[in-house]
Amino acid sequence: MDIKVNVREAQADCYVVELSGEIDVYTSPKVKDAIGDLIDRGVYNLVIDLEKVRYIDSTGLGVLIGGLKRVREHGGSVNLVCTNPQIRKIFDITGLVKIFGIFENEDSAMKALV
Amino acid sequence: MDTVDLRIPCKAEWVALARLSVAAVASRLHFSIDEIEDIKLAVAEACTNCIQHADGSQHIDIKCESIEDGLRISVRDQGRGTHPDHIRSRELGDERVGGLGVFLIRSLMDHVDYDVHPDQGTLLVMTKHLSA
């Protein structure tokens, strides 16, 4: 089980973090580091693409919440791309749909950022 | 009543094995795909709680019991645990990170009980009923 992280600049000051695999207590530190590195570099607008994520647990949610809190301190935001019903269900159960913008594709997530 | 026992090291890299093993048991008992996903996540959250809160525990014992109308799963550690009721509760949409795991376990399973003994570890017993 592993997580792959691909980071790319989509437009000025807006980055996309593509995640692929399973995010759990073992793999979430890798995601946290990737998001943290971007924020440390002054990137405060992020789209995190969960389309290839097959599984996420509370530690993964915690990393996303932590990232959102950090970018908000700088006036930024985090939008998610997620259409997997099982992953979406976790955001619904926890009520995190209220604090994250969740979109069906990267374009709409990016447009909502800027 | 059939049982399946699994012991994993109390380390993050073994949680995937636990959740996939229990998913295989749930599949054998004819739970739906959605229910299996619920069970997988609940077991993983229970193991993660052991890793994060059970100081000194060397391993985690997971017992799956086939019961008349579903599956009962016991997760036990041997550390100095924190009673889940002492972990701050959450409100929907809460931006705090703490307590998410316990919240998910209670949301995804039909019945959840904890038994915490100081210095003897924590036992979590959760049940999922087969849908009609």
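Above this text is the structure in question.
Everything numeric here is computed off the predicted structure, so don't read it as measured data.

Draft legend 1. Seen up close, the overall build of chain B. The secondary structure content of chain B amounts to 3 helices and 5 strands. N-terminal to C-terminal, the α/β element order of chain B is β-α-α-β-β-α-β-β. Sequence-distant contacts in chain B: of pairs separated by 6 or more residues, those separated by 24 or more amount to 62%.

Draft legend 2. Representation of the sheet that holds strand β3 (residues 70-76) of chain B. Residue and element names in this part refer to chain B. Taken in spatial order, the 5 strands of this open sheet run β1-β2-β3-β5-β4, and their pairing is antiparallel. Only two strands of the sheet have a single neighbouring strand rather than two, namely β1 (3-9) and β4 (111-117). On average, adjacent strands in this sheet sit at an angle of 15° to one another, irrespective of strand direction. Pairing analysis gives 7 bridges linking β1 to strand β2 (residues 59-67), with the strands arranged antiparallel. Of the residues in β2, the one forming a bridge with Pro9 is His59.

Draft legend 3. Structural context of the nonpolar core. Of all hydrophobic cores here, the largest spans 67 residues; its most connected members are A:Ile48, B:Val22, B:Ala42, B:Val43, B:Cys47 and B:Val75. In terms of residue count, helix α2 (residues 33-53) of chain B provides more of this core than any other element does, 10 residues in total. Ignoring anything within four residues of it in the chain, the contact list for B:Val22 reads B:Ile39, B:Lys40, B:Val43, B:Ile62, B:Cys64 and B:Ile73.

Draft legend 4. Expanded view of the sheet that holds strand β1 (residues 3-11) of chain A. Residues and elements named next belong to chain A. Read across the sheet, 5 strands follow the order β1-β2-β3-β4-β5 without closing on themselves; strand pairing throughout is mixed. Single-partner strands in this sheet number two, and they are β1 and β5 (101-103). This sheet shows a mean twist of 25° between the axes of neighbouring strands, independent of strand direction. Relative to strand β4 (residues 77-81), strand β3 (residues 45-56) runs parallel, the two sharing 5 bridges. Looking at the pairing, Val47 lines up with Asn79 of β4. Sitting on the sheet, helix α4 (residues 106-113) touches β1, β2 (14-23), β3, β4 and β5, and the angle it makes with β4 is about 165°.

Draft legend 5. Representation of the packing of helix α1 (residues 28-40) of chain A against helix α2 (residues 58-72) of chain A within the structure. All names here are of chain A. With their axes 9 Å apart at the nearest point, α1 and α2 run at an angle of 10° to one another. Considered as vectors, α1 and α2 are oriented roughly parallel to each other. Taken together, the residues of α2 that come into contact with α1 (itself represented by Ser28, Val31, Lys32, Ile35 and Ile39) are Thr59, Gly60, Val63, Gly66, Gly67, Arg70 and Val71. Across the contact of α1 with α2, the residue classes break down as 5 nonpolar, 5 polar and 2 charged.

Draft legend 6. Structural view of the interface of chain A and chain B. Of the residues lining the interface, 20 residues belong to chain A; the matching set on chain B comes to 20 residues. Of all the secondary structure elements, the ones that give two or more residues to the side of chain A that touches chain B are α2 and α3 (85-94) of chain A. For the side of chain A that touches chain B, the element with the highest residue contribution is α2(A), accounting for 7 residues.

Draft legend 7. Representation of the pairing of β2(A). All names here are of chain A. Pairing geometry for β1 and β2, over 8 bridges, is antiparallel. Each bridged residue has a counterpart across the sheet, and for Ile3 the counterpart in β2 is Gly21. Between β1 and β2, which follow one another and run antiparallel, lie 2 residues, and Asp13 among them has a positive phi close to 65°. Taken together, the 9 bridges between β2 and β3 define a ladder with parallel strand orientation. What sits directly across from Val17, in β3, is Ile48.

Draft legend 8. Just the pairing of β4(B), in detail. All names here are of chain B. Note that β4 and strand β5 (residues 121-129) share 7 bridges and pair antiparallel. Looking at the pairing, Val116 lines up with Thr122 of β5. Counting the residues in the hairpin turn of β4 and β5 gives 3 residues, including Asp119, whose phi is positive at 70°.

Draft legend 9. Quick look at the environment of B:Phe31. Inspection of the secondary structure puts B:Phe31 in the loop between α1 (15-28) and α2. Residue contacts for B:Phe31: discarding those within four places in its chain leaves B:Ala26, B:Ile36, B:Ile39 and B:Leu130.

Draft legend 10. Main features of the packing of α2(B) against helix α3 (residues 100-108) of chain B. Residues and elements named next belong to chain B. Where α2 contacts α3, the two axes come as close as 9 Å, and the packing angle between them is 145°. For the pair α2 and α3, the sense of crossing is left-handed. For the pair α2 and α3, contact is made by Asp38, Leu41, Ala42, Glu45, Ala46, Thr48 and Asn49 and by Gly101, Leu104, Ile105 and Leu108, respectively. Split by residue class, the contact of α2 with α3 holds 6 nonpolar, 3 polar and 2 charged.

Cut-offs used in this document
Residues numbered from 1 in each chain as written. Chains lettered and ligands numbered in written order. Predicted model: local features only at pLDDT ≥ 70, side-chain atom pairs only at ≥ 80, totals over all residues. Helix = DSSP H or I, 4+ residues; strand = E, 2+ residues; numbered from the N terminus. Contact = placed C-beta atoms within 7 Å. Pairing = 2+ DSSP bridges. Axes fitted to C-alpha atoms, helices over the stretch in contact; angles between N-to-C directions. Core = buried A, V, L, I, M, F, W, Y, C linked by C-beta atoms within 7 Å. Buried ≥ 20, exposed ≤ 12 C-beta atoms within 10 Å, placed from the backbone. Parallel < 35°, antiparallel > 145°, perpendicular 65-115°, else oblique. Nonpolar A, V, L, I, M, F, W, Y, C, P; charged D, E, K, R; others polar. Left-handed = near helix turned anticlockwise from the far one by under 90°.

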